[in-house]
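Here are the chains, one letter per residue:
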Amino acid sequence: MSAGDLQDRVVVVMGAGSSGAGTSNGEAAALAYAESGATVVAVDRNGDEAHRVADRIAAAGGRSLALEADVTVDADVEAVVKETIARFGVPHVVHGNVGVARTGSVMELAPAEWQAAVDVNLNGAYLAFRHALPPMLEEGRGVFVQVSSLASVRHTGYPYPAYSAAKAALNQLTVSIALTYADRGIRANAILPGLIDTPLVGQQLAGSQAEVEARHALSPTGRMGSPWDVANAAVFLASDKAAYINGVCLPVDGGLGMRSV
């Protein structure tokens with residue numbers, strides 16, 4: 001791989017695998033970070049997926065490490081940070097990509113289902129901050145990129161209040177981290193993807209080709225975005241080109257968030 005904006009940086013991607021056929025947001029991010037020169041630690045609760053992505057990076061000439069971990073488990077996240085430091089040093093960037101769009105109204109979701117949505121979409125980020133911040137603060141630098149959702153700031157028409165609420169909380173958690181530690185070399189930003197064509201779309205939201213086409217039609221551009229659109233934004237936010245961008249919740253949505261209807 002050629003030198004890029006992240007040459008000699010170490011990036012941990014939480015949720016680097018794919019849950020189905022096609023490239024996920026996490027996989028695209030891992031590959032894009034590597035293409036920009038970073039050493040990538042590909043983390044996924046499915047160890048086979050973590051290794052598959054790490055192998056893709058290695059096959060393209062990059063440097064990578066696969067780690068199996070559940071981001072909702074404190075000990076797992078702690079182990080990821082410690083192993084990264086042992087192998088490559090303190091990470092320069094931690095990218096949080098894990099999320100699940102659990103559907104169901106507040107009347108339909110059992111408390112355990114609600115809590116599961118919060119655990120995945122919010123608490124995983126809390127644990128990443130909890131364990132990665134101390135060594136980053138010792139180094140006097142560090143970047144966090146969290147993948148949130150346009151659903152965190154507006155109703156998208158889908159019945160997933162647990163997802164929307166957790167992602168909205170993720171936004172404010174990210175802003176809080178950004179402002180609390182800005183004077184100690186830490187930056188934190190969130191990306192708010194709109195309608196993105198990922199493997200999870202077919203599994204969680206669009207069960208038929210007609211529903212997929214309907215999602216394309218909902219976008220102002222007439223098509224859903226791709227995981228690479230999200231990944232390219234992440235690489236920029238992680239790079240020195242975004243050195244004065246902090247506490248931002250950046251829509252990557254083709255303009256959907258600005259449309260009134």
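See the structure shown above.
Residues numbered from 1 in each chain as written. Predicted model: local features only at pLDDT ≥ 70, side-chain atom pairs only at ≥ 80, totals over all residues. Heavy atoms only, no water.

> Can you help me understand the packing of aromatic side chains in this one?
For any pair of aromatic rings, geometry is given as the distance between the ring centres together with the angle between the planes. One pass over the full model with this rule turns up 3 aromatic pairs. Taken together, a centroid distance of 5.7 Å and an interplanar angle of 35 degrees make the contact between Tyr158 and Tyr160 tilted. Given a relative accessible area of 17%, Tyr158 falls into the buried group. Taken together, a centroid distance of 4.8 Å and an interplanar angle of 50 degrees make the contact between Tyr160 and Tyr163 tilted. Three or more aromatic residues joined by ring pairs form one cluster here, namely Tyr158, Tyr160 and Tyr163. (Phe/Tyr/Trp six-rings, centres within 6.5 Å; stacked < 30°, edge-to-face > 60°. Buried < 20%, exposed > 50% of the residue type's maximum accessible area, 1.4 Å probe, protein only.)

> Just to check I follow, could you spell out the packing of helix α3 (residues 74–88) against helix α4 (residues 111–139) for this structure?
Packed helices, taken two at a time, are described by the angle between their axes plus the distance between the axes. Relative orientation of the contacting elements α3 and α4 amounts to 30 degrees, with a least axis distance of 9 Å. The angle between the axes of α3 and α4 places the two elements in the roughly parallel class. Here α3 runs over α4; the crossing is right-handed. Between α3 and α4, the contacting residues are Asp74, Val77, Glu78, Val81 and Ile85 on the first element and Leu127, Ala128, Arg130, His131, Ala132 and Pro135 on the second. Across the contact of α3 with α4, the residue classes break down as 7 nonpolar, 1 polar and 3 charged. (Axes fitted to C-alpha atoms, helices over the stretch in contact; angles between N-to-C directions. Helix = DSSP H or I, 4+ residues; strand = E, 2+ residues; numbered from the N terminus. Parallel < 35°, antiparallel > 145°, perpendicular 65-115°, else oblique. Left-handed = near helix turned anticlockwise from the far one by under 90°. Contact = heavy atoms within 4.5 Å. Nonpolar A, V, L, I, M, F, W, Y, C, P; charged D, E, K, R; others polar.)

> Which parts of the structure should I look at to understand helix α2 (residues 47–59)?
With 13 residues, α2 ought to run about 18 Å at 1.5 Å a step, and its terminal C-alpha atoms sit 18 Å apart, in line with that. For α2, the complete set of buried residues consists of Gly47, Glu49, Ala50, Val53, Ala54 and Ile57. One side of α2 holds all its buried residues, which, seen down the axis, span an arc of 165 degrees. In α2, the exposed positions that point more than 90 degrees away from the buried face belong to Asp48 and Ala59. Buried residues in α2 make contact with α1 (25–35), β2 (39–44) and β3 (64–68). One or two positions beyond α2, positive phi appears at Gly61, with a value near 95 degrees. (Expected span 1.5 Å × (residues − 1). Arc of directions from axis to C-beta.)

> I tried to follow the sheet that holds β2 on my own but got confused; where do I start?
By way of backbone hydrogen bonds, the strands of a sheet pair with one another, either parallel or antiparallel. Taken in spatial order, the 7 strands make up an open sheet running β3-β2-β1-β4-β5-β6-β7, and their pairing is parallel. Edge positions in the sheet fall to β3 and β7 (249–252), since each has one partner strand and no second. Between one strand axis and the next, the sheet turns through 20 degrees on average, direction left out of account. α4 contacts β4 (93–96), β5 (142–147) and β6 (186–193) of the sheet and is inclined by roughly 170 degrees relative to β5. Across the sheet, helix α8 (residues 227–238) lies against β4, β5, β6 and β7, angled at about 165 degrees from β6, the strand it touches most. (Pairing = 2+ DSSP bridges.)

> Explain empty space enclosed by the protein here, please?
Over the atoms rolls a probe the size of a water molecule, and its path tells where empty space is left. Per the stated rule, a full pass over the model turns up 1 cavity of 30 Å³ or more. Size it by volume and the largest cavity reaches roughly 100 Å³. Surrounding the largest cavity, 14 residues form its lining, Gly96, Val98, Gly124, Ala125 and Gln146 being those nearest its centre. Counting only elements with at least two residues in the lining of the largest cavity, the list comes to α4, β5 and α5 (161–180). Top element by residues in the lining of the largest cavity is α4. It accounts for 5 residues. Residues of the lining of the largest cavity, tallied by class, amount to 8 nonpolar, 5 polar and 1 charged. (1 Å grid on protein atoms, 1.4 Å probe; cavity = no way out; pocket = protein on both sides within 12 Å on 5 of 7 lines; lining within 4 Å. Points joined across faces, edges and corners; volume = space filled by probe spheres on them.)

As far as function goes, none of this settles anything; it's purely spatial.
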